Amino acid sequence: MKNIFIAIVLFRVFLACSQEQSLEVTKPIFIAPDYQGSCDPEIIFNSSLNTYFIYYTARRSAKQNTFLQTPIGVASSQNLADWKFEGYCQFDGKHNQKDAGATFWAPAIIAAKDSLHMFVTFKQDTLTTEGPWGGKGSIVHYVTSSKNPIKGWKKKQVMHTDTLSTLDASAYWVDDAAHLWFMAKSALYKNQDYTLVHQTTKDLKAWETVQQPLGDVYNKSVTNIGYEEAPYIFQWKDSYWLITDPHQGFAIYHSKDASNWRFQGYILRNPGIGKMDTARARHGSVLVRENRAFLFYHVEYNRDYNDKPIYEQPLENRKSALQMIELKLSKGKLTANRNKKVTL
């Protein structure tokens, strides 16, 4: 009887400690401090520093050229719930100011041993001379030590020829090979539709372009989607998942081998009720931790999707915040409830 009593007491103590250590994620998880324009989050865990980092496009929401002259902002966390602004990435010793000397968008990052590799959309434009989004873009590969994840970035190479205009890379590992996807079209034809370029390498130096069917991806006859940006690929529960941003929430694709993709539908099309989560979810990335998958995304919470294009709306409508929710798997399909609280 005494042993049973002791066991009950210990169990209650354990339960109390577990409850005390749980964390509830509040909305939003992060707001960029300078222009409130945090977008295109890329979540990674830096094992060298035992810290989570979000790298994001730091849009300048208080400026008319909101989408240009943007640096890459960085936020860090020890627990995924409390985020701290760390400043802006320094590329070859510059561009680490809130008003960069060029335009950087949508970083994709993978780790390799003790280094980090970023594939970022780069544009020389800082003014809207060629339109609100600027002119031709390129995917540029930068590398740094995992112990210097903010100021150490050095240019390694441009990932394609000048004949292409590109944006929105996604980088991931399959076994010992690194893979890179990015959106591309001919630099000569501004109104041409984008396609996806797929490259792979085993040494992060010599890249080979892979010609393979995309399945349902960019297949309008299957998806009825006319435009998709921000492809993001991740592995979870013995499957590969591709998320894209068609400005209608997220389009979801599934594959067992990361090559034969099948369309599953949408998630997060409808606005949430949480603070600054009141518009469509945009441009996501995923962290898999302890077999749980967490989706990070940005929300232009004042934007009117039934009105004029965003660059013609008031500056207040261009503000954005970062949000985090947990993905679930139900009958083989990804699901997400943006109004359900995340507990860690």
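Before any of the text, the structure's been laid out above.
Scoring rules and cut-offs
Residues numbered from 1 in each chain as written. Predicted model: local features only at pLDDT ≥ 70, side-chain atom pairs only at ≥ 80, totals over all residues. Heavy atoms only, no water. Helix = DSSP H or I, 4+ residues; strand = E, 2+ residues; numbered from the N terminus. Buried < 20%, exposed > 50% of the residue type's maximum accessible area, 1.4 Å probe, protein only. Polar contact = N/O pair within 3.5 Å; in protein donor to acceptor, adjacent residues only side chain to side chain. Pairing = 2+ DSSP bridges. Phe/Tyr/Trp six-rings, centres within 6.5 Å; stacked < 30°, edge-to-face > 60°. Lys NZ or Arg CZ within 6 Å of the ring centre and 35° of its normal.

## Description of the side chain of Gln323
Along the chain, Gln323 falls in strand S20 (residues 321-330). Its relative accessible area of 0% is what places Gln323 among the buried residues. Within the local environment of Gln323, its side chain forms a polar contact with the backbone oxygen of Lys275, the two atoms lying 3.0 Å apart. At 2.9 Å, the side chain of Gln323 forms a polar contact with the backbone oxygen of Met276.

## Examining the sheet that holds strand S10 (residues 164-174)
Either a parallel or an antiparallel arrangement is found when strands of a sheet pair, and the pairing is made through backbone hydrogen bonds. On the basis of which strands lie adjacent, the open sheet formed by four strands has the order S10-S11-S12-S13 and antiparallel pairing. Each edge of the sheet is formed by a strand with only one pairing partner; in this case those strands are S10 and strand S13 (208-209).

## Here's the deal with the packing of aromatic side chains
Using the criterion set out here, one finds 18 aromatic pairs in the structure. Aromatic side chains Trp83 and Phe296 sit 6.4 Å apart centroid to centroid with 80° between the ring planes, which places their arrangement in the edge-to-face category. Of this pair, Trp83 sits in the loop between strand S4 (72-77) and strand S5 (84-88) while Phe296 sits in strand S19 (residues 292-299), placing them 213 residues apart in sequence. Across the pair, Phe296 and Trp83 agree in class, each one buried. Taken together, a centroid distance of 5.3 Å and an interplanar angle of 70° make the contact between Phe85 and Tyr88 edge-to-face. Take Phe85: its relative accessible area is 28%, and that puts it in the partly exposed class. An aromatic cluster of three or more residues is present, and its members are Phe30, Tyr56, Phe85 and Tyr88. The residue whose ring lies beneath Arg269 is Tyr266, and the NZ or CZ to ring-centre distance is 3.7 Å.

Everything listed is a geometric property; what it means functionally is a separate question.
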